[in-house]
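# Tertiary structure, described
The primary structure of each chain is shown beneath.
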Amino acid sequence: MKVAVVGATGMVGRVMLKVLEERNFPISELIPVASENSIGKQIEYKGKQYSIVSMQDAINQQPDIALFSAGGDTSKEFAPKFAEVGTTVIDNSSAWRMEPNVPLVVPEINADMLTADDKIIANPNCSTIQLVMVLNPLNKKYDIKRVVVSTYQSVTGTGKDAVEQLDGEIAGTNPKKKYPYQIFKNALPHCDVFEEAGYTKEELKLSRETQKILNDKTIALTATAVRVPVQGGHSESVNIEFNNHYEEADVRKILHETPGVVVQDSPETNTYPMPLYAEGKDDVFVGRIRRDLSQPNSLNMWIVADNLRKGAATNAVQIAEYLVVKNLVGNKVIA
Ligand code: 2RA
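Quick caveat: nothing in here was measured; it's all calculated off a predicted structure.

### Observations concerning the pattern of salt bridges
Two side chains that carry opposite charge are able to pair once their charged atoms sit near each other. In this structure the tally under the stated criterion is 16 salt bridges. A salt bridge links Asp192 to Lys205; the shortest N-O distance between them is 3.3 Å. Residue Asp192 is found in the loop between helix 6 (160-171) and helix 7 (201-213), and its partner Lys205 is found in helix 7; the two are separated by 13 residues along the sequence.

Printed below as a string of structure tokens:
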């Protein structure tokens, strides 16, 4: 496969290259793409040096797949140009996620909706991916009525500048501020920008994307997204109200049997998921599973995942793997 990685020098782009290598994705030709000031710089992949090229140069090479992590504006402008030359784009930005005809995919949940005609595929938001990986099997069994989520999101979700702000504040070097406030020793109830009704874009993504991925508009979801001084991954406190009765033991069994989900849950041994230990892993970790004693058919849990891996890069590569296995890419039909 001829594969372009657009945004190859960014945090997610670099993790995508790492995951492609780890999973030995069948790449015959790698085309790293980054902004103008990076063109000509070298990146290493599988012990070989590759020169970063311009977007147009990459388009001209007509890759089979383009993995994008370059922001919404860049994706809106260039994803269609790749699609026109027959490339299948898997995009990590929010640009295409809610477009009616664009698949929003978590492979373990809805990859089977993909066809060879899908030339732009949206990778969901990181905090959505880890949430729906756990909600999906429970929704099928117990029919979810409502979800209340509070997220505790890593600074890596904002990018390199935010990580540098946190590291600088810890070191006391008075770094350039990416956030409106100090993040060290703090918690900011503000992920992305504020939109309607006092919600942030991050909070609205959680509700809208969850309904689209689970293909279930009956799920009511409200969220509060918080940025915390953590680097390893996103954590989520989740309360679920089902339309039906459940048994806790059955919930645990269902989650134990869900591919990509790992249950870490034993109060007796202080066993529960934590971002420090989820970092660098591709599983979604769930724990603190317990009945909500305040209302019937309701459950609390704690969900943690590395937002750069299953929350972004690994999910995108898994989509690409599905496309290859099902022979949905590489047979170019130029629009
Ligand atoms: C964040 N989920 O954490 C968003 C984008 N990566 O900021």
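Picking up where we left off.
### Here's the deal with the environment of Leu323
You can see Leu323 is positioned in helix 10 (residues 309-325). Expressed as a C-alpha distance, the spacing of Leu323 and Asp167, which sit 156 residues apart in the sequence, is 39 Å. When near neighbours in sequence (up to four residues on either side) are disregarded, Leu323 contacts Thr88, Ile90, Leu114, Ile121, Leu328 and Val329.

### Concerning the sheet that holds strand 5 (residues 65-68)
Strand order in the open sheet made by the 5 strands is 2-1-5-6-7, with parallel pairing throughout. In the strand order of this sheet, the two ends are held by strand 2 (29-33) and strand 7 (120-122), each with one partner. This sheet shows a mean twist of 15° between the axes of neighbouring strands, independent of strand direction. Here 3 bridges tie strand 6 (residues 88-91) to strand 7, and the two strands are oriented parallel to one another. Bridge pairing in strand 7 places Ile90 opposite Ile121. Its contacts with the sheet place helix 3 (residues 72-84) against strand 1 (2-6), strand 5, strand 6 and strand 7, and it is angled at close to 175° to strand 5.

### Quick notes on the environment of Arg227
Residue placement: Arg227 occurs in strand 9 (residues 220-227). Once residues within four sequence positions are removed from consideration, Arg227 is found in contact with Gln153, Ser154, Val155, Gly157, Thr158, Tyr179, Ile183, Ala187, Leu188, Cys191 and His234. Engagement of the side chain of Arg227 in a polar contact is seen with the backbone oxygen of Ser154, the distance being 2.8 Å.

### With respect to the domain arrangement of the chain
According to the domain assignment, the chain consists of domain 1 (2-123 + 312-325) and domain 2 (127-307). Taken together, the 17 residues of domain 1 in the interface contact 18 residues of domain 2. Of the roughly 1500 Å² buried between domain 1 and domain 2, counting both surfaces, carbon and sulfur atoms make up 64%. In this structure, the connection of domain 1 to domain 2 is made through 1 salt bridge. Seen at the junction of domain 1 and domain 2, the total is 7 residue pairs in polar contact (both at pLDDT 80 or more). Within the residue set of the side of domain 1 that touches domain 2, elements represented by two or more residues are helix 1 (11-22), helix 4 (107-110) and helix 10.

### Remarks on the packing of helix 5 (residues 126-142) against helix 10
Angle between the axes and distance between the axes: these two values describe a pair of packed helices. Interaxial distance between helix 5 and helix 10 falls to 8 Å at its minimum, and their mutual angle equals 90°. Overall, the two elements helix 5 and helix 10 adopt an arrangement that is roughly perpendicular. Where helix 5 approaches helix 10, its residues Cys126, Ile129 and Met133 are matched on the opposing element by Lys310, Gly311, Ala312 and Asn315. Here the residues of the contact of helix 5 with helix 10 are counted per class, giving 4 nonpolar, 2 polar and 1 charged.

### Observations regarding the sheet that holds strand 11 (residues 261-263)
Ordered in space as 9-8-10-13-12-11, the 6 strands form an open sheet in which the pairing is mixed. Two strands lie at the open edges of the sheet, namely strand 9 and strand 11, each paired on one side alone. In this sheet, adjacent strand axes meet at a mean angle of 20° when their direction is disregarded. Contacting strand 8 (144-153), strand 9, strand 10 (234-242), strand 11, strand 12 (284-291) and strand 13 (298-305), helix 5 runs over the sheet at an angle of about 25° to strand 10.

### Some remarks on the packing of aromatic side chains
Per the stated rule, a full pass over the model turns up 6 aromatic pairs. Both rings, one in Tyr142 and one in Tyr246, keep their centres 6.1 Å apart while their planes meet at 65°; by these two values the pair is edge-to-face. Here Tyr142, found in helix 5, pairs with Tyr246, found in the loop between strand 10 and helix 8 (248-256); they are 104 residues apart in sequence, far enough to count as distant. Note on accessibility: Tyr142 and Tyr246 belong to one class, buried. Between Phe242 and Tyr246, the ring centres sit 5.5 Å apart and the planes meet at 65°, which makes this aromatic pair edge-to-face. Exposure class is identical for Phe242 and Tyr246. Each is buried.

So, how was this worked out
- Residues numbered from 1 in each chain as written.
- Predicted model: local features only at pLDDT ≥ 70, side-chain atom pairs only at ≥ 80, totals over all residues.
- Heavy atoms only, no water.
- Salt bridge = Lys/Arg side-chain N within 4 Å of Asp/Glu carboxyl O.
- Helix = DSSP H or I, 4+ residues; strand = E, 2+ residues; numbered from the N terminus.
- Contact = heavy atoms within 4.5 Å.
- Pairing = 2+ DSSP bridges.
- Axes fitted to C-alpha atoms, helices over the stretch in contact; angles between N-to-C directions.
- Polar contact = N/O pair within 3.5 Å; in protein donor to acceptor, adjacent residues only side chain to side chain.
- Domains from an automatic or database assignment.
- Buried area = accessible area lost by both parts, 1.4 Å probe.
- Parallel < 35°, antiparallel > 145°, perpendicular 65-115°, else oblique.
- Nonpolar A, V, L, I, M, F, W, Y, C, P; charged D, E, K, R; others polar.
- Phe/Tyr/Trp six-rings, centres within 6.5 Å; stacked < 30°, edge-to-face > 60°.
- Buried < 20%, exposed > 50% of the residue type's maximum accessible area, 1.4 Å probe, protein only.

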